[in-house]
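# A look at the structure
Okay, here's what each chain looks like letter by letter:
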Amino acid sequence: MIAPAHWEAVQKGPVIFYHFQDPPWSDIPHGFLTRKGGVSAPPFAALNLSHSVGDDPAAVAENLRRAFTAIGLGAEEIVTAWLIHGNRVALVDTHHRGQILEGTDGLITAERGLALLMRFADCIPVLLADPALPAVGILHVGWRGLAAGILEAALETFERGLGCRPSALHAALGPGIGGCCYAVGLEVIETLRPRIGKALPLRRINGAWHLDLPEAVGLHLRHLGVPSVITAGVCTACHLEDWYSHRAEHGRTGRFGTWIRNP
Ligand SMILES: [Zn+2]
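Our subject in this report is the structure included herewith. Computed from a predicted model, the values in this text were never measured in an experiment.

### Thoughts on the overall build of the protein
- A count of helices and strands for the protein gives five helices and 16 strands.
- Projected onto its principal axes, the C-alpha positions of the protein cover 45 × 45 × 35 Å.
- Per-residue burial over the protein gives 56% buried out of 263 residues.
- Sequence separation of at least 24 residues holds for 61% of the intrachain contacts in the protein that already meet a minimum separation of 6.

Right, here's the structure in full:
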């Protein structure tokens, strides 16, 4: 089992986010914005940060303004990405400030002060950090990305691009869909097996196979040589008051923001 972490809520104005208290995360600026404190109407209520889900663009712009104010960052200091459930990981630096990278589900930087932001609703937010270098990364990991090898791609980018071995990395998993709520078909299991092997954390609930995606991501990171993996242990589908869930809200919902900044 991946160790559950200590995390705490922070309220800044109307916005509430969570961050990990466990070392080394207490020294690395990061957080998981809840859906509270925004202006979007249902089904996107309230702090939806995505322009691509059908929400009112003016509401999303106001939500982004509130989110950036709460986390103390400007849009020009942040690099973000257009997520596609793939395995492309980009090493970014100061030249990418304010940019949205297309077709990218992983961002890594060793640039001091640069922030990385992604948007989530069930897929697992994975934060990575080498506090000594320092360098940080953020990954958007659903079952497709996991099967496509996004974790391997991220670790290779850290190693080849920055000389950072997996053993120096710490990983932290944010809120995502849990085994309690994630019924999957056989095609998901058969697509993941070649990558993950027999260790796939599955259980049978009411006659359906359920995948524990955070556990699968955490165990695979350990298998790939990352010794320190913690998890929020929070299921998005079970806690719709705080998080968006693509599965529980039948595809009509918003996206919450997760960010990390290289100290
Ligand atoms: Zn659940």
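### Details of the pairing of strand β4 (residues 30-33)
- Every second residue of β4 is oriented toward a common face, with H30 and F32 on one face and G31 and L33 on the other, all of them buried.
- The pairing of strand β3 (residues 15-20) with β4 spans two bridges and is antiparallel. Each residue of the ladder has a partner; that of F17, found in β4, is L33.
- As defined by bridge partners, β4 adjoins strand β16 (residues 256-261) across three bridges and the pair is classed as antiparallel. Counterpart to G31 in the pairing with β16 is W259.

### Examining the pairing of strand β9 (residues 115-120)
- Of all the six residues making up β9, six are buried; the element is thus mostly covered by neighbouring parts of the structure.
- Where strand β5 (residues 78-81) and β9 come together, three bridges link them in parallel fashion. Counted as the bridge partner of V79 is L116 from β9.
- Here β9 runs beside β16; their pairing, made up of six bridges, is antiparallel. Each bridged residue has a counterpart across the sheet, and for M118 the counterpart in β16 is T258.

### Describing the sheet that holds strand β2 (residues 7-12)
- Spatial strand order, β2-β3-β4-β16-β9-β5-β7: seven strands in an open sheet with mixed pairing. Of all strands in the sheet, those bounded by a partner on one side alone are β2 and β7 (100-101).

### Observations regarding the nonpolar core
- Ranked by size, the top nonpolar core spans 39 residues in total, and within it V126, L146, L192, L211, V217 and L221 carry the most contacts.
- The dominant element in this core, judged by the number of residues it contributes, is helix α3 (residues 150-162), at six residues.
- Ignoring anything within four residues of it in the chain, the contact list for L221 reads V126, L128, L151, A171, L173, V226 and V229.
- Formed by 31 residues, the second largest nonpolar core is a distinct cluster that contains I28, V79, A172 and V234.

Calculation rules
Chains are numbered independently. Their residues run from 1 in the order of the written sequence. In keeping with the predicted nature of the model, local features appear solely for residues at pLDDT of at least 70, side-chain atom pairs appear and are counted solely at 80 or more, and the whole-chain, interface and lining totals rest on all residues. With hydrogens and water excluded, all non-hydrogen atoms of the structure serve as input to the side-chain values. Working definition: helices are DSSP H or I runs of at least four residues, strands are E runs of at least two. Numbering for both runs from the N terminus. Exposure classes here rest on a 1.4 Å probe applied to the protein chains alone. A residue is buried below 20% of its type maximum, exposed above 50%, and partly exposed in between. Contacts are residue-level and defined by heavy atoms, with any inter-residue pair within 4.5 Å sufficient. Any two strands between which DSSP finds at least two bridges are classified as paired. Nonpolar cores are built from buried Ala, Val, Leu, Ile, Met, Phe, Trp, Tyr and Cys residues. Side-chain atoms within 4.5 Å join them into one set.

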